[in-house]
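Structure at a glance
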Amino acid sequence: MYLKGFQLLLLNIALGLGTFIQILDTSIANVAVPYIAGNLSVSADQGTWVITSFAVSNAIVLPLTGWLSDYFGRVRLFVWSVLLFALMSFLCGFSSSLAMLVTFRVLQGAVAGCLIPLSQSLIMEHNPPEKQGGAMGFWSSIVVVAPVAGPIMGGYLTDEYSWPWIFYINVPIGIFSAFMVRTLLKGRETKIVRNPIDWVGLGLLSLSVGALQVMLDKGKDLDWYESNFILILTIVAVIAFCYFCLWNSKQKYPIIDFSFFKDRNFAIGTLCITMGYLFFFGSTVTVPLWLQTQQSYNAFWAGVAVAPIGIIPVLLSVRVGRNLKNFDLRVVVATSFLFFGLGFMYQSNFTTEISIVSVMLARFFQGFGLLIFFLPLLQLSLGNISKEKYASAAGLFNFIRILVGSGFGTSLAIYLWSRLAIFHHARLSESVTIYRSVTTQFYEYMSNANAHFVTPVVDRVLDQLVTQQAYMLSTNDLSWMSAWIYILLIPLPLLCKRVVVKTDVQPVAAH
């Protein structure tokens, strides 16, 4: 018997809020790292462990969602995960040293690992079939908005109050979410199946994922493979993962069920979400970074500039979810790639004179692609997964999306952005010589008209201008690259089997 009316609405909101605070915490701390480092008397590089520690533990627990939900029950696991997340958030804000903060961030990431797939599973299980599309539309709008809202909220709270408040805001939200889910789903616990845990497989997986996540997070700070530390982490991650795959394939109760990849839709959908999310998240990181480092925006206004990408998904995701049954999901996902491609092509024409309104407009257009990307692709990928295995499949699906799309996407984007800027700086510097009249005119103007700047000062001003243009060209190159990748991805979802979203049954894959 499904919940109805206001009770069902409260349940969907509570499940959504539990997901929101988890996704929010992956990005909200980014802008606060300098403040945290200064307050705790550590370097900025040491402060980045606040981000890395959360990401590592979160990534390790995420693929274990299926086993954990079977062992404890989905409702109980969700409620306790949210409550413990709220508690760890409070302790993070209360921390007085970096070691204390990192410890609680590790625990916070671990207890939050199951929240995304669990919320998906509970929404699908407790909404009547005719309302599942709208409910998942609401959920997908949260997934889209939270990473964008994180830097804005983090910048505002840090500037106006202090950095602990980026963690304290999770406490009332988490308590409300846990209380409502526990109250509304009392007596509706899922079947408990307590299979033995494969401790060897868990250890190998933890070692592999942990090493990989640390490598991705710290690589940009340590100049990648110029660092022996990064090289060792890569070797450990690869060897541990190879051993894990061999061991996992022979187990009766494997930690991760790779059999989901035998389903064509799951395999292709996972590839689509990973590639699509990789370039979307890369842009979400590099554009605010460019605005802050080269265009003199603060964290808050850089967040405001990129935020409009979430406007259309927030307004229309529920309606899209309700009407997915009327469309071929393969065509919808392919169309989202087209919108993304066109949006990034427009973004690739930015100049250093661009206004914040133009940046917001470009991001607003990309929101049309985002509107029909995540939810239709989720339905296409998991459309023929049974209710019993939905949590496991969603955990693996989101694990790959977050680890590769977010983790690797962020590192790759920042690496390419920096390297391309160095390339363009070198090329631009070649044309700035005393043998060009425009260069000599610049020196004459700066020396005569502006307080008689001496030559070394003019040299630095000119170098700053060249650097600004180099990063502008680098940002445009990444946008152009992303545009063509999205266009090349258009045929990929068309290789899936057609999924028919019916109003009286679970979504099924048509053969």
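Nothing here was measured: the structure is a model prediction, and the numbers come from that model. (Residues numbered from 1 in each chain as written. Predicted model: local features only at pLDDT ≥ 70, side-chain atom pairs only at ≥ 80, totals over all residues. Heavy atoms only, no water.)

1. Overview of the overall build of the chain
- Regarding its fold elements, the chain presents 22 helices and two strands.
- The C-alpha radius of gyration computed for the chain amounts to 24 Å, which stays within 12% of the reference 24 Å derived for 511 residues, consistent with globular compactness.
- Principal axes of the C-alpha set define a box for the chain whose edges measure 80 × 50 × 45 Å.
- Across the 511 residues that make up the chain, the buried fraction comes to 54%.
- The contacts of the chain with a sequence gap of at least 6 include a subset with a gap of at least 24, amounting to 83%.
- Split by element, the accessible area of the chain, about 22200 Å² in all, is 66% carbon and sulfur.
- Of the side chains in the chain, 31 bear a positive and 24 a negative charge, and the two mean positions are spaced by 15 Å. (Helix = DSSP H or I, 4+ residues; strand = E, 2+ residues; numbered from the N terminus. Rg over C-alpha atoms; globule rule 2.2 N^0.38 Å. Buried < 20%, exposed > 50% of the residue type's maximum accessible area, 1.4 Å probe, protein only. Contact = heavy atoms within 4.5 Å. Areas by Shrake-Rupley, 256 points an atom, 1.4 Å probe, with all protein chains shown as cover. Lys, Arg positive; Asp, Glu negative; His and termini not counted. Charge placed at Lys NZ, Arg CZ, Asp CG, Glu CD.)

2. Comments concerning the packing of aromatic side chains
- All chains considered together, the criterion is met by 25 aromatic pairs.
- Their ring planes at 50 degrees and their centres at 5.9 Å tell us that Phe337 and Phe373 sit as a pair that is tilted. Placement of Phe337 in helix H17 (residues 329-347) and of Phe373 in the loop between helix H18 (356-371) and helix H19 (374-382) is noted, with a sequence separation of 36 residues between them.
- Note on Phe340 and Phe373: the rings are 5.6 Å apart at their centroids and 85 degrees apart in plane angle, and the pair reads as edge-to-face. Here Phe340 is found in helix H17, whereas its partner Phe373 is found in the loop between H18 and H19, with 33 residues between them in sequence.
- The class of Phe373 is buried, set by a relative accessible area of 0%.
- Positioned over the ring face of Tyr277 is Arg401, at 4.8 Å from the centre of the ring. (Phe/Tyr/Trp six-rings, centres within 6.5 Å; stacked < 30°, edge-to-face > 60°. Lys NZ or Arg CZ within 6 Å of the ring centre and 35° of its normal.)

3. Details of the nonpolar core
- The biggest cluster of nonpolar side chains holds 123 residues, and the ones touching the most others in it are Phe78, Leu101, Trp139, Val181, Phe373, Leu382 and Tyr486.
- The element contributing the most residues to this core is helix H9 (residues 129-160), with ten residues.
- With residues up to four places along the chain from it excluded, the contact list for Phe373 reads Cys272, Ile273, Gly276, Tyr277, Ser336, Phe337 and Phe340.
- Grouped together as the second largest cluster of nonpolar side chains are 14 residues, Ala302, Phe350, Ile354 and Leu478 included. (Core = buried A, V, L, I, M, F, W, Y, C linked by side-chain atoms within 4.5 Å.)

4. Remarks on unusual backbone geometry
- The backbone of Ser296 shows a phi angle near 65 degrees, a positive value even though the residue is not glycine.
- One can find Ser296 in the loop between helix H14 (264-294) and helix H15 (299-306).
- What makes Ser296 exposed here is its relative accessible area of 71%.

5. Points about the side chain of Gln120
- Within the secondary structure, Gln120 sits in helix H8 (residues 115-126).
- Given a relative accessible area of 0%, Gln120 falls into the buried group.
- If we ignore the near neighbours within four places in the chain, the residues touching Gln120 are Met136, Trp139, Leu378, Leu382, Tyr390, Ala394 and Asn398.

6. Topic: the environment of Ala470
- On the secondary structure map, Ala470 appears in helix H22 (residues 455-489).
- Assessed through its relative accessible area of 1%, Ala470 is described here as buried.
- With 401 residues separating them along the chain, Ala470 and Ser69 place their C-alpha atoms 50 Å apart.

7. Brief notes about the pattern of salt bridges
- This model, assessed by the stated rule, comprises two salt bridges.
- Note that Glu125 is salt-bridged to Arg74, the shortest N-O span being 2.9 Å. Of the two residues, Glu125 is situated in helix H8 and Arg74 in helix H6 (residues 74-93); the sequence distance between them amounts to 51 residues.
- Arg74 sits in the buried class, given a relative accessible area of 7%.
- Note that Arg330 and Asp328 form a salt bridge whose closest N and O atoms lie 2.9 Å from each other. (Salt bridge = Lys/Arg side-chain N within 4 Å of Asp/Glu carboxyl O.)

8. What to know about H18
- In this model, H18 (16 residues) spans 22 Å end to end at C-alpha, consistent with the 22 Å of a helix rising 1.5 Å per residue.
- When we look at burial in H18, the residues that qualify are Val359, Ala362, Arg363, Gln366, Gly367, Gly369, Leu370 and Leu371. (Expected span 1.5 Å × (residues − 1).)

9. Some points on the side chain of Asp263
- Structurally, Asp263 can be placed in the loop between helix H13 (228-248) and H14.
- Nearest to the buried, unbridged Asp263 among oppositely charged side chains is Lys497, at 5.3 Å.
- When sequence neighbours within four positions are dropped, the list of residues in contact with Asp263 reads Ser381 and Asn384.

10. Focus: a nonpolar patch on the surface
- Together, Leu338, Phe339, Leu342, Tyr346, Leu361, Phe365 and Phe368 line one region of the surface with nonpolar side chains, adding up to about 590 Å² of accessible area.
- Relative to the elements of secondary structure, Phe365 occurs in helix H18. (Patch = residues over 30% accessible without salt bridge, like charges linked within 9 Å, V, L, I, M, F, W, Y side chains within 5 Å.)

11. A few points about the confidence of the model for the chain
- Per-chain confidence: the chain averages 81 in pLDDT, with 92% of residues scoring 70 or above.
- The spread of mean pLDDT over the elements of the chain runs between strand E2 (residues 508-509), the lowest at 38, and H6, the highest at 91.
- Here residues 503-511 is modelled with pLDDT under 50, and outside its nearest four sequence neighbours on either side it reaches 29 contacts, counting other chains as well. (pLDDT = per-residue confidence, 0-100.)

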